[in-house]
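Examination of the molecular architecture
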Amino acid sequence: MSWITIVWSMNAGACLTLAGISLLVWCKQRENWVHLVFSASAVAAAAITAFELQMMHCETVGQYEALLRWIHVPTWVLIVSFVSFVRLYLHAGRPWLAWTICGLRTVVLILNFIFTPNLNFRQITGLHHFSWGDEIISVPFGIANPWGLLSSVSLFLLLIFFVDATIIVWRRGDRRRALFVGGSMIFGAILAWHVPLVIWGIIEVPFFLCFTYSGIIAAMAYELSNDMAQAAHVARQLQTSEVNLRETQERMELAASAAELGMWMWDIVRNEIWITDKGRILFGFGASEKLDFDRFRSVLHPEDRESVLKTIENSQRTGAEYEAEYRVILPDGRLRWIAGRGHVDFNGEGQPIRIRGASLDITQRKQAEEQLRLTEATLRESKERIDLATKAAGLVVWTWDIPRDEVWLSNKDRALFGFSQGEKLTAERIRSVVHPEDRQLVRQLSEDALRTGREIETQYRVLLPDGKVRWVTRRGRVEFDADGKPLRERGVLMDISERKYAELQAQQQRDELEQLRQQRTASLEREVSERTRLEREVIDICAREQRRIAYDLHDSVGQQLVGIALCAKLLEEQLRGERHSEADKAGMIVKLVNDAARQARLTARTLEGADGVGDLKTALQSLAISVSRDCSVKATVTAEGSSLPISPPVAAQLYRITQEAVHNAVEHGAAREVQINLAFNHEVMVLTIRDNGKGFDSNANGNGMGLRIMRYRAQCIGGSCDVQSSGEGTVVRCCVPLEPQLAAFGLP
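Structure report, in brief. (Residues numbered from 1 in each chain as written. Predicted model: local features only at pLDDT ≥ 70, side-chain atom pairs only at ≥ 80, totals over all residues. Heavy atoms only, no water.)

This next bit is on the overall build of the protein chain. The number of helices and strands found in the protein chain is 23 helices and 17 strands. Put simply, the protein chain has 748 residues, and 39% of those count as buried. Contacts in the protein chain between residues at least 24 apart in sequence constitute 59% of all its contacts with a sequence separation of at least 6. Carbon and sulfur atoms form 57% of the exposed surface of the protein chain, whose accessible area is close to 42,500 Å². (Helix = DSSP H or I, 4+ residues; strand = E, 2+ residues; numbered from the N terminus. Buried < 20%, exposed > 50% of the residue type's maximum accessible area, 1.4 Å probe, protein only. Contact = heavy atoms within 4.5 Å. Areas by Shrake-Rupley, 256 points an atom, 1.4 Å probe, with all protein chains shown as cover.)

Sheet architecture is open: 5 strands sit in the order S13-S14-S15-S17-S16, paired in mixed fashion. The outermost strands of the open sheet, each flanked by one partner alone, are strand S13 (634–639) and strand S16 (720–726). Averaged over all pairs of adjacent strands, the angle between their axes in this sheet comes to 10 degrees, without regard to strand direction. Note that S16 and strand S17 (residues 729–737) share 7 bridges and pair antiparallel. Bridge pairing links Ser-726 to Gly-729 in S17. Here helix H20 (residues 616–631) sits on the sheet and contacts S13, strand S14 (673–680) and strand S15 (684–691); the angle it forms with S13, its principal contact strand, is near 170 degrees. Where helix H23 (residues 705–716) meets the sheet, it contacts S16 and S17, and its direction lies at approximately 150 degrees from that of S16. (Pairing = 2+ DSSP bridges. Axes fitted to C-alpha atoms, helices over the stretch in contact; angles between N-to-C directions.)

On to the packing of helix H4 (residues 72–90) against helix H5 (residues 95–114), then. One can describe the packing of H4 onto H5 by two numbers: an axis separation of 10 Å at closest approach and a directional angle of 175 degrees. As far as their axial angle goes, H5 and H4 are roughly antiparallel. Together, His-72, Val-73, Thr-75, Trp-76, Ile-79, Val-80, Val-83 and Arg-87 of H4 and Pro-95, Ala-98, Ile-101, Cys-102, Arg-105, Thr-106, Val-108, Leu-109, Asn-112 and Phe-113 of H5 make up the contact between the two elements. The residue inventory of the contact of H4 with H5, partitioned by class, reads 12 nonpolar, 4 polar and 2 charged. (Parallel < 35°, antiparallel > 145°, perpendicular 65-115°, else oblique. Nonpolar A, V, L, I, M, F, W, Y, C, P; charged D, E, K, R; others polar.)

Enumeration over the complete set of coordinates arrives at 0 disulfides. Of all cysteine sulfurs in the structure, the one in Cys-734 sits closest to Cys-721, which takes part in no disulfide; the separation is 5.2 Å. Classification of Cys-721 by relative accessible area gives buried; the value is 12%. Of the residues examined, Cys-734 reaches a relative accessible area of 1% and is grouped as buried. (Disulfide = S-S within 2.5 Å.)

Now for the nonpolar core. One finds Phe-85, Ile-101, Phe-161 and Phe-162 to be the most contacted residues of the largest nonpolar core, which totals 46 residues. Contributing elements (two or more residues each) for this core: helix H2 (33–56), helix H3 (61–70), H4, H5, strand S1 (121–131), helix H6 (149–171) and helix H7 (175–191). For this core, the element with the most residues is H4, which contributes 9 residues. The next biggest cluster of nonpolar side chains, apart from the first, holds 36 residues, and it includes Val-637, Ile-676, Leu-687 and Ile-689. (Core = buried A, V, L, I, M, F, W, Y, C linked by side-chain atoms within 4.5 Å.)

Below, the discussion takes up the pattern of salt bridges. Taken as a whole, this structure holds 23 salt bridges when the rule is applied. Salt-bridge contacts for Arg-365 lead to Glu-325; the nearest nitrogen and oxygen are separated by 2.6 Å. In this pair, Arg-365 is assigned in helix H13 (residues 363–379) and Glu-325 in strand S5 (residues 322–329), connecting sequence segments 40 residues apart. A relative accessible area of 38% places Arg-365 in the partly exposed class. Residue class for Glu-325 comes out partly exposed when judged on its relative accessible area of 39%. Each of Glu-325, Arg-365, Lys-366 and Glu-369 takes part in salt bridges that share partners, so that together they form one network. (Salt bridge = Lys/Arg side-chain N within 4 Å of Asp/Glu carboxyl O.)

So far we have only geometry, and geometry alone does not tell us how the molecule works.
The following block contains the structure:
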């Protein structure tokens, strides 16, 4: 069995498998017509595969005519299925265009069975058998049927339909589906143009529509299977969410009732506010009063209104939790403090649709806070010991009588550190519970405080009786007598173990993140290296293909055009004696053919590339001479020095950039003069191509294929390319460092 039979058979089997699966899904979900349409398209693709396989192995013209006649049936089914899939699944594509495609394709199918042998050929004069991958295949040649243009028109309309639908889906925000489904359809419609090219005798390859359409089938199958997987996942999540929702609602009702919370919801779209009875009492709303946002804003205190509105606006814009404390004015004139918290819900388009939340009366807390502020102001006037105790928030408070070397601690604090109730505590005894590694630090700080009178503030570890190590922060101050001698030291200790351990854990996490960053960086470097290698291979392949096309143009098309010109010239000389008008027409043919031959030679030289150009200055001068000779354009080259300090790969890329710029100036800018300048210093080389053409709109054409290629080639050699255009001409400026890191850019 040949490899062609195996590959085409595998393709047909895959299509039939997908068709069967989708048909079973449709049988269980009859309302989902998309799966039926997909099944029909997959069956049609499999049928086309079978027809193409038989056509490649045909031995007689009659067999080929029959197969080419009947392949239109699955092709009609496939195209109609594709159009229906776009309309049903993507909900895109213009209806009039869809009906036009289906109707025109139906006309093509009818005419195909009216004409003999088929719509594509008036007559198949023979089959050309040639080797394709060590396999002998058949390709028809004969007289094309002009009515076959209807098939090409329908294919062109199908391409327009796919592009329009893809743009609609992309703008709708579903970009992944636009890329997968729409992109595959556009690519398949473009590849399908090989069929008329084969029929017209332009190219000689077998029909491979099956693979063109199988790619579309695969993309459609992937999207459908992805939707099914998401639907199953959503269903499972919905079941779990329903159970959790019931439990949450019960808990919320109990919590709201116990905490006297006012639950509310603001429907932003309809501007309606729902609130519980407790909430209505909190805000002073009537029991049956209809509430909206303006009514809520009316009860806000004027001094708090702007801040609350800004908080709500910020939550709607960013999705942040709504949290605010504000005052409301009750109907009897009293003020009430409210604490509100809420969460914003968004729709699929990212627009806020509702805010849910709860409100709590915090008037008593606010009054207590105000009273606390007054109390704190009074406490600031109290003694220093009360001040230190307030700062410590009830933690360990100690006093050291320095002359008698006695330390006072409360009974609770003595038990904390393992000291007995009647034990005399000295400074040395206190230091005994300090971690051995921190004792010298504590001793040194105490001595400095006794000598200078500076306030003590430090952190160290202590050992508790149960063996645990705790971190504490110590704050203390030394008091002196009238003679300047240290009298006593008062201070507090605060347990900061949790904070310290959190800092240590955070440091560990930072170290782990740094390790992950390094690993990720190494992985990205490998990916960049692989991408560089692939880009280099792609550019090599493009260069070889350009050279092959250039040789074909020069050796085949160019020579044939020269032969045609000679024949036409002989004809002109024969007709010049008696039939002057026909001789003039023959002369016109000679001129047109010579122009075409000259254009073919110019295109061949352009495509041939700059591999092995040697000295860049010499190569550019040769390019300028060719352009001046073949295009009647004045081209000049100016360069500093006799040789340029660049490597051959860099010279090749600069030559290609110059080729592209000169070609654009001549073909698109209608320039009559082109100036090429090379300048460099010890750091950078600058290549400038300036023309006096009509220029172009940089806003409309600033990202054209030619400009992207020039910028890409500049990036490949570590440089940059800038293009400026106006009505007076175009300037292309390419800057390249003289010592670029070539290995990092993947030169061709």
